[in-house]
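Spelled out from the first residue to the last, the chains are:
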Amino acid sequence: MLWMKGNAPGVRGFQLDYGVNLPHAMVMNQSDLINLGTTLENIITYDTPIFERGIRVDSHEAEFTAEIDDGSGFAGTVMDVTAVASGTLLSGMTLTGTGVTAGTRIVSQTSGTTGGVGVYVVDTSQLTASTTVNGSRASKLVFDHTGQYFINLRCQGVNSDNAVHEMELWAKDSGVNYPFSNTRYDLPVRKNATTWGHTVADISGIFTVTNPANSYLEMAWWSDGALVYLESAAANTSPTRPAIASVILTVSMLSAETP
């Protein structure tokens, strides 16, 4: 009966008075996720956990010294990182620090040590003197237990351009592209100058966790359209309708055994 207390090896559920509760999670993002560029991957982030039981969202973190200008002392999008105190700088990280414009994100690195000292591009023009900056990207799904997990991801793709664009959606295992996980979608043209084209992009699959201490799952997307993004929307009326999340991800354990 030890498994009812969650102590038996090989059994990951725990006993409640109404049954066994297996690890599961549902997380989403209630903000728009902007395309970093037509030659860059976008890593999906999450800001709203609904359920996190044995599975949770974790963040990549970095602390470094940097200034942001145009490279010549005027406002711009060039970030010069002169020292890294901890972590690795990654595209999509949201930056905070004295004088840094709220919501600024790293787009890409143009030179220097990968993820370290060097020159980066950010998405918001500003003039920020050298200061301590913190970068965070809440994109990692981590697991407390080994096993196989069913993953389903749904994204609200939006195209504000007057041309059809492609979008691709795939999984990454601990930073490495998961083989054959990619799926392609077409995003329709906008309906008019103020109403965009929409499509729901979704993928599902089984993710195997053999080393919970180091394994994590991330989801990525790409589009050939600079005006393509993942959209959130407020609740609406006539009739009353709930808000739309840009991303919803659900996970449930299938088996504690691994291949």
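Data block above holds the structure.
Thresholds, definitions, all that
- Residues numbered from 1 in each chain as written.
- Predicted model: local features only at pLDDT ≥ 70, side-chain atom pairs only at ≥ 80, totals over all residues.
- Heavy atoms only, no water.
- Salt bridge = Lys/Arg side-chain N within 4 Å of Asp/Glu carboxyl O.
- Helix = DSSP H or I, 4+ residues; strand = E, 2+ residues; numbered from the N terminus.
- Buried < 20%, exposed > 50% of the residue type's maximum accessible area, 1.4 Å probe, protein only.
- Patch = residues over 30% accessible without salt bridge, like charges linked within 9 Å, V, L, I, M, F, W, Y side chains within 5 Å.
- Areas by Shrake-Rupley, 256 points an atom, 1.4 Å probe, with all protein chains shown as cover.
- Pairing = 2+ DSSP bridges.

Asks: Can you help me understand the pattern of salt bridges in this one?
Replies: Summed over the entire model, instances satisfying the criterion amount to six salt bridges. Residue Arg56 is joined to Asp144 by a salt bridge in which the shortest nitrogen-to-oxygen separation is 2.5 Å. Of the two residues, Arg56 sits in strand E7 (residues 55-69) while Asp144 sits in the loop between strand E12 (128-143) and strand E13 (147-159), which places them 88 residues apart along the sequence. According to the relative accessible area criterion, Asp144 is partly exposed, its value standing at 40%. The shortest N-O distance in the salt bridge between Glu168 and Arg184 comes to 3.1 Å. Note that Glu168 is positioned in strand E14 (residues 165-173) and Arg184 in strand E16 (residues 183-187), a separation of 16 residues in sequence.

Asks: Even after reading the chapter, I still don't get a nonpolar patch on the surface, so can you show me in this structure?
Replies: Residues Phe150, Ile206 and Leu254 make up a contiguous nonpolar surface patch of roughly 270 Å² in combined accessible area. Structurally, Ile206 can be placed in strand E17 (residues 197-209).

Asks: How should I be thinking about the pairing of strand E8 (residues 76-87) in this particular structure?
Replies: The side chains of a regular strand alternate, first on one face of the sheet and then on the other. When E7 meets E8, the two strands line up antiparallel, connected through eight bridges. For Ala66, the partnering residue across the bridge sits in E8 and is Val81. Between the antiparallel neighbours E7 and E8 lie six residues, among them Gly71 with a positive phi of about 90°. Two elements, E8 and strand E11 (residues 118-126), share five bridges in a ladder whose sense is antiparallel. Across the sheet, the residue bridging to Asp80 is Val119, located in E11.

Asks: Is there a simple way to explain the pairing of E14 in this structure?
Replies: Burial analysis of E14 places seven of its nine residues in the buried class, which makes it a mostly covered element. Sheet analysis places E14 next to E16, joined by five bridges and oriented antiparallel. Within E16, the position partnered with Leu169 by the bridge is Thr183. Two strands pair when backbone bridges link them, and E14 and strand E18 (residues 216-223) are joined in this way by seven bridges, in the antiparallel orientation. For Lys172, the partnering residue across the bridge sits in E18 and is Glu218. Bridge count between E14 and strand E15 (residues 176-177): two bridges; the pairing is antiparallel.

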